[in-house]
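# Chains, contacts and geometry: an overview
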Amino acid sequence: AESHDSSFSSFFWNISQNAGKEKHRGSKSEIAGCLTPGGNVFLPHQGRPLLGCEKLLIQGIPYFRLLLGTETEVQLGDLAGNAMSLTVVCATMLGAVTCKQLRRECLD
């Protein structure tokens, strides 16, 4: 197994999970895992946690274009954890429409 020094490579560690569930040794450099609301993410190469506005950027949401009020970093992080990509939303909507159509066809 190839190992990298986490002080010099950009890793993304989810420290809110149990150590047995997170595989920090097997994590890939420059790849972000799943963001969850209330999740604590640590960047070992920078020695700090990931900020809420940075979590939004990882999700592809340009926070600097949003009309935000006085949200805290924790609230921004929770917002990022609740974000869904457009492909997930579209697949869900397509599934709902298809199920309704299939039900109509079965009843006829």
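Up top you'll find the structure we're talking about.
## Let's talk about the overall build of the protein chain
Along the backbone of the protein chain there are three helices and three strands. Every one of the 108 residues in the protein chain was classed for burial, and the buried ones make up 18%. Restricting to contacts in the protein chain with at least 6 residues of sequence separation, those with at least 24 account for 44%. A total of about 8,300 Å² of accessible surface is found on the protein chain, and carbon and sulfur atoms cover 58% of it.

## With respect to the sheet that holds strand 1 (residues 13-14)
One open sheet accounts for three strands, arranged 1-2-3; its pairing is antiparallel. Whereas interior strands pair on both sides, the edge strands pair on one side only; in this sheet they are strand 1 and strand 3 (48-49). Looking at chain direction, strand 1 and strand 2 (residues 41-43) are connected through two bridges and run antiparallel. Bridge assignment links Asn 14 to a residue of strand 2, and that residue is Val 41.

## Thoughts on a nonpolar patch on the surface
Residues Leu 66, Leu 68 and Leu 79 make up a contiguous nonpolar surface patch of roughly 220 Å² in combined accessible area. Mapped onto the fold, Leu 68 is located in the loop between helix 1 (52-58) and helix 2 (73-81). Looking at Leu 68, the relative accessible area reads 34%, which means it is partly exposed.

## Digging into the environment of Leu 35
Relative to the assigned elements, Leu 35 resides in the loop between strand 1 and strand 2. The exposure class of Leu 35 is buried, given its relative accessible area of 7%. Placed 47 residues apart in sequence, Leu 35 and Asn 82 show a C-alpha to C-alpha distance of 8.2 Å. In this view, Leu 35 contacts Phe 12, Val 41, Lys 55, Ile 58, Gln 59 and Gly 81; residues no more than four positions away in its chain are not counted.

## Structural notes on the environment of Phe 11
Positionally, Phe 11 belongs in the segment before strand 1. In this structure the C-alpha to C-alpha distance between Phe 11 and Pro 44, which are 33 residues apart in sequence, comes to 6.5 Å.

## Description of the side chain of Lys 55
When you line up the elements, Lys 55 lands in helix 1. Summary of buried charges: Lys 55 has no salt-bridge partner, and the nearest side chain of opposite charge, Asp 78, is 6.3 Å away. A polar contact of 2.8 Å, which involves the side chain of Lys 55, links it to the backbone oxygen of Gly 39. Aside from chain neighbours lying at most four places away, what touches Lys 55 is Leu 35, Gly 39, Leu 50, Gly 77 and Ala 80.

Scoring rules and cut-offs
Residues numbered from 1 in each chain as written. Predicted model: local features only at pLDDT ≥ 70, side-chain atom pairs only at ≥ 80, totals over all residues. Heavy atoms only, no water. Helix = DSSP H or I, 4+ residues; strand = E, 2+ residues; numbered from the N terminus. Buried < 20%, exposed > 50% of the residue type's maximum accessible area, 1.4 Å probe, protein only. Contact = heavy atoms within 4.5 Å. Areas by Shrake-Rupley, 256 points an atom, 1.4 Å probe, with all protein chains shown as cover. Pairing = 2+ DSSP bridges. Patch = residues over 30% accessible without salt bridge, like charges linked within 9 Å, V, L, I, M, F, W, Y side chains within 5 Å. Salt bridge = Lys/Arg side-chain N within 4 Å of Asp/Glu carboxyl O. Lys, Arg positive; Asp, Glu negative; His and termini not counted. Polar contact = N/O pair within 3.5 Å; in protein donor to acceptor, adjacent residues only side chain to side chain.

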